[in-house]
Amino acid sequence: MANRDTRNPGNKKQANSIQSKPVSTPVLSTQNKVRQNATAGVFGLFRTDTSLDLKLDSKEILFKKIFFWSSLALLIIMPLLSFNYGITGDELVHKTNGENVLKYLTSGGKDTTYRHYKNLYLYGGLFDASAAAVYENVGGDPYNVRHFLNALCGASLMIVTGLLAREIAGSWLLALITLLFMLLSPRLFGDSMNNPKDIPFALAYAMSIVGIIRLNRFFPRWDWKSALFLFFAITVAINIRIGGILLLVYFGLYTLVNLFFTRYKQGAPGESSKIKLLLMAAVLGIVGFFAGIIFFPYAHAAPIKNSLAALKEMENFQTAIRMLFEGRALWSDEIPWYYIPKWLMIALPLFILGGLGLFLVKFKTIFTHTRRLPLLFALFVAIFPVAYAIYKHSALYDGIRHFLFIMPVLTVLAALGWVAIGLQFKQSKMKWLLPVLLGILLILPLRFMIANHPNEYVYFNELEGGIKHAHGEYETDYWMNSIKSLSFWIIENDPRIKKGEEVTVVTNSIDPAAYYFKKLAPKVIVRYASFKDRYKYKADYYLSIPRFVDKDLLKNGAWPPSEVVKTVTVDGVPIGAVSRYPDTLMYGIIQANKRRDLMAAAEMAKIVEKRDPKNEVLDVEMANAYLAADSIQKAEYYIERGLAYAPEHSDLLMAKAMVRLRENKFDESYQLLQQCTDLNYRNVSGYYYKALILDAKKDYSTAMEQINKAIEYAPTFKPAYQLAAQILQHAGDNEGAARYLQAIQ
């Protein structure tokens, strides 16, 4: 294969093939002279010319052509497929933010609506504003336009990752393998269609890594094409997420290390040339930063101050979100340190995990025979973000999506691992075994993608046991992708809708559902209700995903709630469902209990519990109703009925704790309350009643610890302040008690 001289990348005629070495020593490098030149730099870090020699030099042109045509096909096919994907859960807010940013820019900064729309002012608006500019000026459904552009970014990300592999190893075959690996990564493919935050940023991140490596490879000559490419990439990254300014740090560090380790190399720049290069790099970085905040209006007033403020907020997102992880419902600010490593282990395809393992095994060989500094840089940019997030204990959620930007580098390293081990067995009698193994590992996610389109992003690898094992352990359709097909099903299958009659749909995925029905069936009334509040309204259907549903209810079949008429499944596991309300009995029970008409509620409850034995709303509602009526025995009936299929249901455990409290069994009640706060550290009622029990036991110090936690998580909960004052009065601290009472006046 043709190799490039690092001093003149445009010269393709200087490479010569070498004779192969014995089978026991795999050959990855090209010229014997390269080995000698490698020692010229400090610690041999730089080589004059290196590339992965796959002993297919004559086919490199073919691989390049295949890579080109495959890339072109992706750029055409993926945008067309994007129309099959649904509106994501927070896409409406990003669409709105894009429109607000566009208003700000087109008004010359006069329209500052963006500043008052949630916390979206902390995000760069390049992608969202660009999409808004297209559909507002050209036309088209806003979400179709967004998904089309999103898919273009996804396809481009895959292509750039292949080019990154080429930049590190000099092999078009490796670039082609990397492109294939990216394409057959189900989560990446699925997110490429409708993830407007993480995919465009991942593209800009990968482009920046390529640009940093390539620009430095031309030194001591300043290559303007590479410089402009890098400038564009960094500008795009910052305009999407303020975290893109980290790329400026990467660029500076890489350039300094590059110049340091090549200072003794033949043709290395002199001191004056180094200063000139550093000055030009600094100008590129400074101009790149200011160009990078064009679509980030919040930074316009105070570029440095506000950019750093946004970066600090993004490092540890203050809005806590609850999600399933390892079967526990955790808040995003209490996740264990290994959250991202664990998600990578269960969400990446086995061929990538296996390739990374092979990379570690063959690291010495790979390190010796590739472009070393780029390889080390790739390792750094893959490891550092994860390590830093662990160190900062960043609040994370929704699987690996926040770290999709490291996936290109991981994929390149995995491809290097497979190539390195493949060369070792190239002359072996068992050389067929490796391609067969890799082929099988590639077929596994390919089957999943074909069988479960367009829900590829809900993928768990075979180490986790697929989605069948992950169901109830981890989040599945957190993007609400299934809501599109479920909404369409209701519209197509309910004759009342076709007649223009009024139909009510309640859903826990309000934004996507509301848009579809407003556009296609405007007479359908759409209301929001969480899963536990699904009987809040009189309705015809409940449209839901398993987001924020307890593990026990998922595992034991309480979700989807009866009567199920349509589901979207992934490998047989439901990720979205339409449930038809057969009548209004549950709604009637709730309304009867509000009127304190327990007799009427009890009669309706008898009917519901027979036909729906795992209806936790019924059990919680009736348990609390009987508790309020001091009918302890009947309350316990519904509590135990519910705990039989949902043993960790907080509302049922709380009801049981109240029963024990009524019975003056303080220790048992306290243990149940402790279980409630262990399951949810923000359970205000749990802390409140624990403090009440501790006050009765005259353990005033611990009681104050508990009640202060209740106040911390619910600062407007007045009874907590009143109880705190009572505890302090019992402890003889009247002044302290007065301060708590004054706080609620």
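In the block above lies the structure referred to throughout.
All figures in this text were calculated on a predicted structure; none of them were measured in a lab.

### Quick word on the overall build of the chain
Then comes step 1: A tally of regular secondary structure across the chain gives 33 helices and seven strands.
Then comes step 2: In summary, the chain has a C-alpha radius of gyration of 30 Å against a globular reference of 27 Å for 745 residues, a match within 12%.
Then comes step 3: Counting over 745 residues, the chain shows a buried share of 57%.
Then comes step 4: Considering only contacts in the chain between residues 6 or more positions apart, those separated by 24 or more positions represent 69%.
Then comes step 5: Side-chain charges in the chain split into 83 positive and 63 negative, and the spacing between the mean points of these groups amounts to 11 Å.

### Quick look at the pairing of strand E2 (residues 328-331)
Then comes step 1: Strand direction decides the pairing type here: strand E1 (residues 322-325) and E2, joined by four bridges, are antiparallel. Across the sheet, Arg-322 pairs through a bridge with Trp-331, a residue of E2.
Then comes step 2: Where E1 folds back onto E2 in an antiparallel hairpin, the turn is made up of two residues, including Glu-326, whose phi is positive at roughly 55 degrees.

### Focus on the environment of Lys-468
Then comes step 1: Relative to the helices and strands, Lys-468 resides in helix H19 (residues 466-470).
Then comes step 2: Assessed through its relative accessible area of 61%, Lys-468 is described here as exposed.
Then comes step 3: Considering only alpha carbons, one finds Lys-468 and Pro-574, 106 residues apart in sequence, at a separation of 9.7 Å.
Then comes step 4: Here Lys-468 is in contact with Asp-571 and Val-573, once residues within four sequence places are set aside.

### Brief notes about the packing of aromatic side chains
Then comes step 1: Tallied over the entire structure, the rule returns 45 aromatic pairs.
Then comes step 2: Between Phe-83 and Phe-148, the aromatic rings sit 6.1 Å apart at their centres with planes inclined by 25 degrees, giving stacked as the arrangement. Of this pair, Phe-83 sits in the loop between helix H2 (60-81) and helix H3 (91-106) while Phe-148 sits in helix H5 (residues 142-169), and the two are 65 residues apart along the sequence.
Then comes step 3: Judged by its relative accessible area of 34%, Phe-83 is partly exposed.
Then comes step 4: Both rings, one in Trp-337 and one in Tyr-338, keep their centres 5.6 Å apart while their planes meet at 85 degrees; by these two values the pair is edge-to-face.

### Considerations on the side chain of Arg-534
Then comes step 1: With respect to the secondary-structure elements, Arg-534 resides in the loop between strand E4 (524-528) and strand E5 (541-544).
Then comes step 2: Residue contacts for Arg-534: discarding those within four places in its chain leaves Val-506, Ala-529, Tyr-542, Pro-561, Tyr-581, Asn-615, Glu-616 and Val-617.

### A short note on helix H25 (residues 598-611)
Then comes step 1: With 14 residues, H25 should cover 20 Å at 1.5 Å per step; its first-to-last C-alpha distance of 20 Å lies within 8% of that length.
Then comes step 2: By the burial criterion, the buried members of H25 are Ala-601, Ala-602, Met-604, Ala-605, Val-608 and Glu-609.
Then comes step 3: Buried residues in H25 make contact with helix H24 (585-594), helix H26 (616-628) and helix H27 (632-643).

### What about the pattern of salt bridges?
Then comes step 1: Scanning all chains against the criterion turns up 36 salt bridges.
Then comes step 2: As a salt-bridge pair, Arg-221 and Asp-223 come within 3.5 Å of each other at their nearest N and O atoms.
Then comes step 3: According to the relative accessible area criterion, Arg-221 is partly exposed, its value standing at 39%.
Then comes step 4: By relative accessible area, Asp-223 is classed as buried at 10%.
Then comes step 5: Of the charged contacts in the structure, one is a salt bridge between Arg-660 and Glu-668, with a shortest N-O distance of 3.2 Å.
Then comes step 6: A relative accessible area of 39% places Glu-668 in the partly exposed class.
Then comes step 7: Within the structure, one salt-bridge network assembled from shared partners comprises Asp-198, Arg-241, Asp-398, Arg-401, Glu-475 and Arg-547.

### Quick notes on helix H28 (residues 650-662)
Then comes step 1: The terminal C-alpha atoms of H28 lie 18 Å apart, and with 13 residues this matches the ideal 18 Å at 1.5 Å per residue to within 8%.
Then comes step 2: Among the 13 residues in H28, 11 count as buried, and that is most of the element.
Then comes step 3: Among the residues making up H28, those that are buried are Ser-650, Leu-652, Leu-653, Met-654, Ala-655, Lys-656, Ala-657, Met-658, Val-659, Arg-660 and Leu-661.
Then comes step 4: Tucked into the core, H28 has its buried residues touching H26, H27, helix H29 (666-679) and helix H30 (684-696).

### Overview of the packing of helix H17 (residues 407-424) against helix H18 (residues 433-451)
Then comes step 1: Between H17 and H18, the least distance of the axes is 10 Å, while the angle of their chain directions is 155 degrees. When the axis of H17 is compared with that of H18, the two are roughly antiparallel. Every residue of H18 that contacts H17 at Trp-418, Ile-421 and Gly-422 is listed here: Leu-434, Leu-437, Leu-438 and Leu-441.
Then comes step 2: Of the residues in the contact of H17 with H18, the class split is six nonpolar, one polar and no charged.

### A short note on the packing of H27 against H28
Then comes step 1: It is the contact of H27 with H28, at a shortest axis distance of 10 Å, that shows an interaxial angle of 150 degrees. When the axis of H27 is compared with that of H28, the two are roughly antiparallel. The two elements H27 and H28 meet at a crossing, and its hand is left-handed. For the pair H27 and H28, contact is made by Ile-632, Glu-636, Tyr-638, Ile-639, Glu-640, Gly-642 and Leu-643 and by Leu-652, Leu-653, Ala-655, Lys-656, Val-659, Arg-660 and Arg-662, respectively.

### Quick look at the nonpolar core
Then comes step 1: Counting residues in hydrophobic clusters, the biggest one holds 160 residues, and the most contacted among them are Ile-209, Trp-343, Phe-351, Leu-416, Trp-418 and Phe-517.
Then comes step 2: Leaving out residues up to four positions away in the same chain, Trp-343 has contacts with Arg-187, Phe-325, Leu-348, Gly-399, Ile-400, Phe-460, Tyr-474 and Glu-475.
Then comes step 3: Leu-554, Leu-652, Ala-657 and Met-658 belong to the second-largest nonpolar core, a separate cluster that totals 49 residues.

### Here's the deal with unusual backbone geometry
Then comes step 1: Of the consecutive residues Phe-219 and Pro-220, the connecting peptide bond is found in the cis state with omega at 15 degrees.
Then comes step 2: Counting through the fold element by element, Pro-220 comes out in the loop between helix H8 (198-217) and helix H9 (224-240).
Then comes step 3: Look at the link from Trp-559 to Pro-560: it is a cis peptide, with omega at 0 degrees.
Then comes step 4: Here Pro-560 shows up in the loop between helix H23 (551-555) and strand E6 (564-570).

### Remarks on the sheet that holds strand E7 (residues 573-580)
Then comes step 1: The sheet built from five strands is open, its strands ordered E4-E3-E5-E7-E6 with mixed pairing. The open sheet is flanked by E4 and E6, the only strands paired with a single partner. Here the average twist between neighbouring strands, direction ignored, is 20 degrees.
Then comes step 2: Direction of pairing for strand E3 (residues 503-507) relative to E4: parallel, over a ladder of five bridges. Bridging across to E4, Thr-507 finds its partner in Tyr-528.
Then comes step 3: Each of E3, E4 and E5 is contacted by helix H22 (residues 510-520), which is oriented at about 170 degrees to E4, the strand it contacts most.

### Let's talk about a nonpolar patch on the surface
Then comes step 1: On the surface, Phe-68, Trp-69, Leu-72, Leu-75, Ile-76, Ile-77, Leu-80, Phe-83 and Phe-148 cluster together into a nonpolar patch covering about 850 Å² of accessible area.
Then comes step 2: In terms of residues, the nonpolar patch owes the most to one element, H2, which gives seven residues.
Then comes step 3: With respect to the secondary-structure elements, Trp-69 resides in helix H2.

### Let's talk about the environment of Tyr-478
Then comes step 1: Structurally, the position occupied by Tyr-478 is in the loop between H19 and helix H20 (483-493).
Then comes step 2: Residue Tyr-478 is classed as buried on the basis of its relative accessible area of 4%.
Then comes step 3: Residues Tyr-478 and Phe-548, spaced 70 residues apart in sequence, show a C-alpha to C-alpha distance of 9.2 Å.
Then comes step 4: Those residues in contact with Tyr-478, other than ones at most four positions away along the chain, are Arg-187, Asp-191, Asp-398, Arg-401, Tyr-457 and Arg-547.

Thresholds, definitions, all that
Residues numbered from 1 in each chain as written. Predicted model: local features only at pLDDT ≥ 70, side-chain atom pairs only at ≥ 80, totals over all residues. Heavy atoms only, no water. Helix = DSSP H or I, 4+ residues; strand = E, 2+ residues; numbered from the N terminus. Rg over C-alpha atoms; globule rule 2.2 N^0.38 Å. Buried < 20%, exposed > 50% of the residue type's maximum accessible area, 1.4 Å probe, protein only. Contact = heavy atoms within 4.5 Å. Lys, Arg positive; Asp, Glu negative; His and termini not counted. Charge placed at Lys NZ, Arg CZ, Asp CG, Glu CD. Pairing = 2+ DSSP bridges. Phe/Tyr/Trp six-rings, centres within 6.5 Å; stacked < 30°, edge-to-face > 60°. Expected span 1.5 Å × (residues − 1). Salt bridge = Lys/Arg side-chain N within 4 Å of Asp/Glu carboxyl O. Axes fitted to C-alpha atoms, helices over the stretch in contact; angles between N-to-C directions. Parallel < 35°, antiparallel > 145°, perpendicular 65-115°, else oblique. Nonpolar A, V, L, I, M, F, W, Y, C, P; charged D, E, K, R; others polar. Left-handed = near helix turned anticlockwise from the far one by under 90°. Core = buried A, V, L, I, M, F, W, Y, C linked by side-chain atoms within 4.5 Å. Patch = residues over 30% accessible without salt bridge, like charges linked within 9 Å, V, L, I, M, F, W, Y side chains within 5 Å. Areas by Shrake-Rupley, 256 points an atom, 1.4 Å probe, with all protein chains shown as cover.

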